[in-house]
Amino acid sequence: MPRRDEPRSPRARAPLARGTATRERLLEAAYLLFAEKGYAATSTAQICRRAGAVKTALYWHFDSKEGLLAAALEHAALQQIEEIQKSTYLEGDPLSRLDRFLTGLRELVEERPEMMRLLLSVALERGEASAETREMLRRLFRQIRQAIVQGIEDATGASLPEADWLAQLILSLQEGVMLRHLVDPGQTDLSRLYEQMRVTILLVIGHHIQRAIPGER
């Protein structure tokens, strides 16, 4: 009999791989359906049908529909954080890095709207109904704000004393743009909105940098 610490045979690893693939399909299906239809309007049967999985697999991997929602929210937040981090790699002058950062925010709305749509729809739908979901959303939005703070500091090369408030402002502007885009996608001029957002953020960053310099208050 093989010891527990010995590598599993290919035959023994196959069910584990299939289980992992099923979990990923369920997570992706829930992520997209919750974003499209909302939590209450999405049934576990719809999720399983889109994922090509049975209900027992859903409950095996996530315990409940609420557990699946938690995993989908985590997935959305981590993807958003990854996109923010990718947009501020350290090349170029501070203004170029800041422009890349803002371009990355715009691309989240244009190319990956399901990320923010999921977070916003769950906040509106489940924020009052579930204390557990509300606390999870607080934690995830805090992680997103921290990623924005790091993005600002990487872009500008400066550590701002009120960077978290600036991150909250940027996130609020981003949420406003997202809502506007969802309500009236054909009439929303994202280029103009993000240009105005850029001007606003540059003014606020300049103000905070000036305040951080001794004798400049």
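Above this text sits the structure in question.
Residues numbered from 1 in each chain as written. Predicted model: local features only at pLDDT ≥ 70, side-chain atom pairs only at ≥ 80, totals over all residues. Heavy atoms only, no water.

Novice: I'd like a rundown of the overall build of the protein chain, residues and numbers included.
Specialist: Each helix and strand in the protein chain was counted, giving nine helices and zero strands. The helix and strand sequence of the protein chain, counted from the amino end, reads α-α-α-α-α-α-α-α-α. The proportion of buried residues among the 217 residues of the protein chain is 41%. Long-range contacts, defined here as pairs at least 24 residues apart, represent 65% of the contacts in the protein chain between residues at least 6 apart. For the protein chain, the exposed surface amounts to about 12300 Å²; the carbon and sulfur share of it is 53%. (Helix = DSSP H or I, 4+ residues; strand = E, 2+ residues; numbered from the N terminus. Buried < 20%, exposed > 50% of the residue type's maximum accessible area, 1.4 Å probe, protein only. Contact = heavy atoms within 4.5 Å. Areas by Shrake-Rupley, 256 points an atom, 1.4 Å probe, with all protein chains shown as cover.)

Novice: Can you explain empty space enclosed by the protein? Please cite residues and give values.
Specialist: According to the stated counting rule, one finds one cavity of 30 Å³ or more in the structure shown. Of the pockets and cavities examined, the largest cavity occupies roughly 40 Å³. Lining the largest cavity, in full, are Glu-66, Leu-69, Ala-70, Leu-73, Glu-132, Thr-133 and Met-136. Sorting the residues of the lining of the largest cavity by element identifies α4 (65–86) and α7 (131–156) as the ones contributing at least two each. Per element, the largest residue contribution to the lining of the largest cavity is four residues, and it comes from α4. Class assignment of the residues belonging to the lining of the largest cavity gives a composition of four nonpolar, one polar and two charged. (1 Å grid on protein atoms, 1.4 Å probe; cavity = no way out; pocket = protein on both sides within 12 Å on 5 of 7 lines; lining within 4 Å. Points joined across faces, edges and corners; volume = space filled by probe spheres on them. Nonpolar A, V, L, I, M, F, W, Y, C, P; charged D, E, K, R; others polar.)

Novice: Before we move on, could you go through helix α3 (residues 55–62) and cite the residues and values that matter?
Specialist: Of the residues making up α3, those classed as buried are Ala-57, Leu-58 and Phe-62. In an axial view of α3, the angular spread of the buried residues amounts to 105 degrees, which keeps them on one side of the axis. The exposed residues of α3 that point more than 90 degrees off its buried face are Thr-56 and Trp-60. Once α3 ends, the next one or two residues include Asp-63, with phi positive near 75 degrees. (Arc of directions from axis to C-beta.)

Novice: Break down the pattern of salt bridges for me, with residues and values.
Specialist: Counted by the stated rule, this structure contains nine salt bridges. Here Glu-74 makes a salt bridge to Arg-139, at a shortest N to O gap of 3.2 Å. With Glu-74 in helix α4 and Arg-139 in helix α7, the pair connects residues that are 65 residues apart, well separated along the chain. By relative accessible area, Glu-74 is classed as partly exposed at 24%. The shortest N-O distance in the salt bridge between Glu-114 and Arg-112 comes to 3.0 Å. (Salt bridge = Lys/Arg side-chain N within 4 Å of Asp/Glu carboxyl O.)

Novice: Requested: an account of the packing of α7 against helix α8 (residues 163–183), with residues and values cited.
Specialist: Across the interface, α7 lies against α8 with an axial gap of 9 Å and an inter-helix angle of 110 degrees. Here α7 is positioned roughly perpendicular relative to α8, judged by the angle of their axes. Facing α7, whose interface residues are Phe-141, Ile-144, Arg-145, Ile-148, Val-149, Ile-152 and Glu-153, α8 presents Ala-163, Asp-164, Leu-166, Ala-167, Gln-168, Ile-170, Leu-171 and Glu-175. Along the lines of polarity and charge, the residues of the contact of α7 with α8 split into 10 nonpolar, one polar and four charged. (Axes fitted to C-alpha atoms, helices over the stretch in contact; angles between N-to-C directions. Parallel < 35°, antiparallel > 145°, perpendicular 65-115°, else oblique.)

Novice: Account for the packing of aromatic side chains, with residues named and values stated.
Specialist: Tallied over the full model, the rule gives one aromatic pair. Across the ring face of Tyr-39, the terminal group of Lys-65 is positioned such that the distance to the ring centre comes to 4.3 Å. (Phe/Tyr/Trp six-rings, centres within 6.5 Å; stacked < 30°, edge-to-face > 60°. Lys NZ or Arg CZ within 6 Å of the ring centre and 35° of its normal.)

Novice: Hey, could you go over unusual backbone geometry for me, with residue numbers and the actual values?
Specialist: The phi torsion at Asp-63 lies on the positive side, around 75 degrees, for a residue other than glycine. Structurally, Asp-63 can be placed in the loop between α3 and α4. Taking the relative accessible area as the measure of exposure, Asp-63 reaches 65% and is therefore exposed.

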